[in-house]
Amino acid sequence: MDKMEKYIRDGKSGMTPIVKTVVRFVMGIIFIFGAYVVLYGHLTPGGGFAGGVILACGFIILTLAFGKGLALSKFSDKWASIIDNSAALIFLTIGFIGFSGGYFFMNILGKGKEFALFSAGTIPLCNIAIGLKVTASVFAVFLTLSIFGRFVSKLVDDYEDDTEKE
Amino acid sequence: MEIFLLVLTIFMIVGSIVAIEAKNLLSSVISVGIVGFSLGIVFLMLGAPDIAITQVVVEILILVILIRATITTDNTAIEKHKDTFPVVVSLIFFGLFLIFAYFAVQELPQFGDPLPREAAAHYLDNGPEETGAMNIVTAVLLDYRAYDTMGEATVLFASIVGAFVILRRRGRKHRKDEDTEKVGILEDEDIKKNFEGF
């Protein structure tokens, strides 16, 4: 019995086992689709913002189905703020690297072949940075609104119990 | 196609009116969702798949967050009568807006026939060669107008910091009792008393 199965059998946190089982199969597809939208943003419709929100929705569906214990163990609020800040810095760094070619945000890398994954210079890198930033920040907003919110007293008390045990 | 767009627009207007007038908070949140998803279809029909994807995804997210927030918060309806003065003032300003909009709309170009602009023509003609990105929207967002995108990311960053600071339950400093009474933050006993049913 692996860890996810233990969480599915656990009746205390999250929704019913039906929802948990469906979410367990759908979640991987959601994450793959989000990563696809981010990585292929320069070739197909989408981009960093839309893909990042899809990835964040994957984490949110995990939180809603399994409760906060599993979601915070996969992606805690501390890591969310760290990734948010560092991705913003990466995006700014890409902009400053453009100064070596001439001006801010200059596309200094090679253009590559048409319709290839590794093409369009710095645009895919910017997409990845924005995708990471949006994922972390949107999930952090969800955490602050639901789990750390002032009105959700029961959830917060459970979370405080968990942190005290650690 | 324009008839279908008109039907969707009327549907959106009806959805927003229902969202305002509904007594139940949950049903008004779902009516807001009707507006958002119809807007996604409109963007898709007008040939803007990038914005349609973003609209649908953000709408799902906002709906989930709003429903999550409305279920856990206090949602008693306000029974007071509306004051007449604000209603009259807003009706007057709405009429003024309609009068000016009547003259302004006549100056707009025809539907589906945008003004020829040199910058847009340059992006469409030279975008793939100059940037290497096949998606012209991404080419404009992250190459020609990357500085704008950085400002957008900064706005997002600032709003996240604000949300963390304001919505966080426990502050960094230790809270004293007189501060709590002054600011009006609910204590645990008050929360349990007021929101026991949720």
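Since this is a predicted model, take the numbers as computed values, not measurements. (Residues numbered from 1 in each chain as written. Chains lettered and ligands numbered in written order. Predicted model: local features only at pLDDT ≥ 70, side-chain atom pairs only at ≥ 80, totals over all residues. Heavy atoms only, no water.)

**Student:** What should I look at first to understand the environment of A:G28 in this one?
**Tutor:** Among the structural elements, A:G28 can be located in helix α2 (residues 17-39). The exposure class assigned to A:G28 is partly exposed, which follows from its relative accessible area of 33%. (Helix = DSSP H or I, 4+ residues; strand = E, 2+ residues; numbered from the N terminus. Buried < 20%, exposed > 50% of the residue type's maximum accessible area, 1.4 Å probe, protein only.)

**Student:** How should I be thinking about a negative patch on the surface in this particular structure?
**Tutor:** Judged by side-chain charge, A:E114, B:D125, B:E129 and B:E130 come together as a negatively charged surface patch. Summarising the element assignment, B:E130 is placed in helix α5 (residues 118-131). (Patch = residues over 30% accessible without salt bridge, like charges linked within 9 Å, V, L, I, M, F, W, Y side chains within 5 Å. Areas by Shrake-Rupley, 256 points an atom, 1.4 Å probe, with all protein chains shown as cover. Salt bridge = Lys/Arg side-chain N within 4 Å of Asp/Glu carboxyl O. Lys, Arg positive; Asp, Glu negative; His and termini not counted. Charge placed at Lys NZ, Arg CZ, Asp CG, Glu CD.)

**Student:** In this structure, what is going on with the confidence of the model for chain B? I would like to understand it.
**Tutor:** Low pLDDT marks stretches whose predicted atomic positions should not be read closely. Predicted confidence across chain B gives a mean pLDDT of 79, with 75% of residues reaching 70 or more. Here helix α8 (residues 177-183) of chain B is the element of chain B with the lowest mean pLDDT, 52, and helix α4 (residues 84-107) of chain B is the one with the highest, 91. (pLDDT = per-residue confidence, 0-100.)

**Student:** Explain the side chain of A:K133 to me, please; I cannot follow it from the model alone.
**Tutor:** Among the structural elements, A:K133 can be located in helix α6 (residues 123-146). Excluding residues that lie within four positions of it along the chain, A:K133 makes contacts with A:D84, A:A87, A:A88, B:A153, B:L156 and B:F157. (Contact = heavy atoms within 4.5 Å.)

**Student:** Explanation requested: helix α3 (residues 48-66) of chain A in the structure shown.
**Tutor:** Because each turn of an α-helix spans 3.6 residues, side chains separated by three or four positions end up pointing in the same direction. Taking 1.5 Å of rise per residue, 19 residues should cover 27 Å, and α3(A) covers 27 Å from first to last C-alpha, within 8% of that figure. Two residues or fewer past α3(A), A:G67 is found with a positive phi of approximately 85°. (Expected span 1.5 Å × (residues − 1).)

**Student:** Explain the side chain of B:S31 here, please?
**Tutor:** Residues and elements named next belong to chain B. Following the sequence through the fold, S31 ends up in helix α2 (residues 25-45). For S31, a relative accessible area of 6% gives the class buried. Among all residues touching S31, those that are not within four sequence positions of it are G15, V18 and A19.

**Student:** Help me out: how do you make sense of a nonpolar patch on the surface in this one?
**Tutor:** Residue and element names in this part refer to chain A. Taken together, the side chains of L39, I97, I108, L109, L117, F118, L125, I128 and L132 make up a nonpolar region of the molecular surface, amounting to roughly 790 Å² of accessible area. Ranked by residue count, the leading element in the nonpolar patch is α6, at 3 residues. Mapped onto the secondary structure, L125 falls in helix α6. In this structure L125 comes out as partly exposed when scored by relative accessible area, which is 41%.

**Student:** It is not clear to me how the packing of aromatic side chains should be interpreted in this structure. Could you clarify?
**Tutor:** The geometry of an aromatic ring pair is captured by the separation of the ring centres together with the interplanar angle, meaning the angle of the planes. Residue and element names in this part refer to chain A. According to the stated counting rule, one finds 13 aromatic pairs over all chains in the structure shown. Here the aromatic rings of F75 and F139 are separated by 5.3 Å at their centres, their planes lie at 5°, and the arrangement is stacked. Here F139 lies in helix α6 and F75 lies in the loop between α4 (68-74) and α5 (77-97), a separation of 64 residues in the sequence. Neither F75 nor F139 differs from the other in exposure class; each is buried. Connected via pairs of aromatic rings, a cluster forms that spans F31, F59, F75 and F139. (Phe/Tyr/Trp six-rings, centres within 6.5 Å; stacked < 30°, edge-to-face > 60°.)

**Student:** Please explain the packing of α5(A) against helix α7 (residues 146-167) of chain B as it appears in this structure.
**Tutor:** Packed helices, taken two at a time, are described by their axes: the angle between them and the distance between them. At a minimum axis distance of 11 Å, the contact between α5(A) and α7(B) shows a crossing angle of 160°. Comparing the axis directions of α5(A) and α7(B) gives the class roughly antiparallel. Viewed along their axes, α5(A) and α7(B) form a crossing whose handedness is left-handed. Only B:A146, B:T149, B:M150, B:A153, B:F157, B:I160 and B:F164 of α7(B) make contact with α5(A), whose side of the interface consists of A:S81, A:D84, A:N85, A:F91 and A:L92. In terms of residue class, the contact of α5(A) with α7(B) is built from 8 nonpolar, 3 polar and 1 charged. (Axes fitted to C-alpha atoms, helices over the stretch in contact; angles between N-to-C directions. Parallel < 35°, antiparallel > 145°, perpendicular 65-115°, else oblique. Left-handed = near helix turned anticlockwise from the far one by under 90°. Nonpolar A, V, L, I, M, F, W, Y, C, P; charged D, E, K, R; others polar.)

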